[in-house]
Amino acid sequence: MDRQPTLEGERVLLRPLRADDWEALFAIASDPAVWEQHPMHDRWREDVFREFFEDALAQGGALAVIDKAKDAIIGSSRFQVFDEEEGGSVEIGWTFLAPRYWGMGINAEMKRLMLMHALENVARVDFRVGETNYRSRIALENIGAERTRRTELTQYQGRRVLHVVYEITVESFANGPLMTGGQS
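**Q** Teacher, can you tell me more about the pattern of salt bridges here?
**A** Should the charged atoms of two oppositely charged side chains come close, the side chains can pair. Going through the model one piece at a time under the given rule, you end up with 13 salt bridges. In this structure, Glu-8 and Lys-68 form a salt bridge, with 2.8 Å as the shortest nitrogen-oxygen distance. Of this pair, Glu-8 sits in strand E1 (residues 7-8) while Lys-68 sits in the loop between strand E3 (62-67) and strand E4 (72-83); the two residues are 60 residues apart in sequence, bridging distant segments of the chain. Judged by its relative accessible area of 55%, Glu-8 falls in the exposed class. Across the pair Arg-11 and Glu-109 runs a salt bridge whose closest N-O atoms are separated by 3.1 Å. Of this pair, Arg-11 sits in the loop between E1 and strand E2 (12-16) while Glu-109 sits in helix H3 (residues 106-118), and the two are 98 residues apart along the sequence. According to the relative accessible area criterion, Arg-11 is partly exposed, its value standing at 31%.

**Q** Just to check I follow, could you spell out the environment of Phe-173 for this structure?
**A** With respect to the secondary-structure elements, Phe-173 resides in helix H5 (residues 170-174). Given a relative accessible area of 8%, Phe-173 falls into the buried group. For the pair formed by Phe-173 and Trp-35, sequence separation is 138 residues and the distance between their alpha carbons is 28 Å. For Phe-173, the residues in contact, after removing those within four places along its chain, are Arg-112, Leu-115, Met-116, Leu-119, Ile-168, Leu-178 and Met-179.

**Q** Which parts of the structure should I look at to understand a negative patch on the surface?
**A** A contiguous patch of negative charge on the surface is contributed by Asp-83, Glu-84, Glu-85 and Glu-86. Structurally, Asp-83 can be placed in strand E4. Asp-83 sits in the partly exposed class, given a relative accessible area of 34%.

**Q** Teacher, can you tell me more about unusual backbone geometry here?
**A** If a residue is not glycine, its phi is most likely negative; likewise, a peptide bond is most likely trans. The backbone phi angle of Asp-71 is positive, close to 50°, even though this residue is not glycine. Mapped onto the elements of the fold, Asp-71 is located in the loop between E3 and E4. Although it is not a glycine, Trp-94 sits at a positive phi angle of roughly 60°. Inspection of the secondary structure assignment puts Trp-94 in strand E5 (residues 89-97).

Reading the values: rules and limits
Counting restarts for each chain: residues are numbered from 1 in the order of the written sequence. Only residues with pLDDT of at least 70 get local features here, since the model is predicted, and only at 80 or more are side-chain atom pairs given and counted; chain-wide, interface and lining totals rely on the full set of residues. To get the side-chain values, take all heavy atoms of the structure and skip hydrogens and water. Whenever a carboxyl oxygen of Asp or Glu lies within 4 Å of a side-chain nitrogen of Lys or Arg, that contact is scored as a salt bridge. We count a stretch as a helix when DSSP gives it H or I for four or more residues in a row; a strand needs E for two or more, and each element gets its number in order from the N terminus. For the exposure calls, accessible area comes from a 1.4 Å probe over protein chains only, and a residue counts as buried if that area is under 20% of its type's maximum, exposed if over 50%, partly exposed in between. Residue contacts are counted whenever heavy atoms from the two residues lie within 4.5 Å of one another. Residues enter patches when their relative accessible area tops 30% and they take part in no salt bridge; the joining distance is 9 Å for like charges and 5 Å for the nonpolar side chains Val, Leu, Ile, Met, Phe, Trp and Tyr. Computed by Shrake-Rupley with a 1.4 Å probe, the accessible areas treat only the displayed protein chains as cover when residues are assessed. His residues and chain termini do not enter the charge count, which takes Lys and Arg as positive and Asp and Glu as negative. Charge placement uses NZ in Lys and CZ in Arg. For Asp and Glu, CG and CD serve respectively.

This is the structure:
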């Protein structure tokens, strides 16, 4: 599976993340509101975001999200963990958008493009989200992701962080709101 495709929708273009995207992405990420519900709530700090950005480049699955009308970067997302077992799965996540784009259907358009690409290659897409990140959990539920029984426990700044796992399968995507018009 190509984890760094170029995907184009009506309003957004997703393309592989580049090192020279740093300034535009940090301008967005430096707003504490972007991370207020995220378990890594201090990602607005330059040193913390630098580590996140460098990891995104090193992992090879990161995409820049471009507002086509303004030809400007408005966020990022990733195709992260790819597993070929049992029909294959990939994780979509690590997503953030500039707050002025929240609630405008941009996340749904971006996720539809990513899901269409991923589900040509795998049977399931996973999403891991912090248990208390309600904004992201609601956004996932709005695009048809279903919470599974799977969880993941990590540590951040000496605290335990619980992530819940959502999924969308080939079948649930085909019958879900992104393909049937139930989500804008």
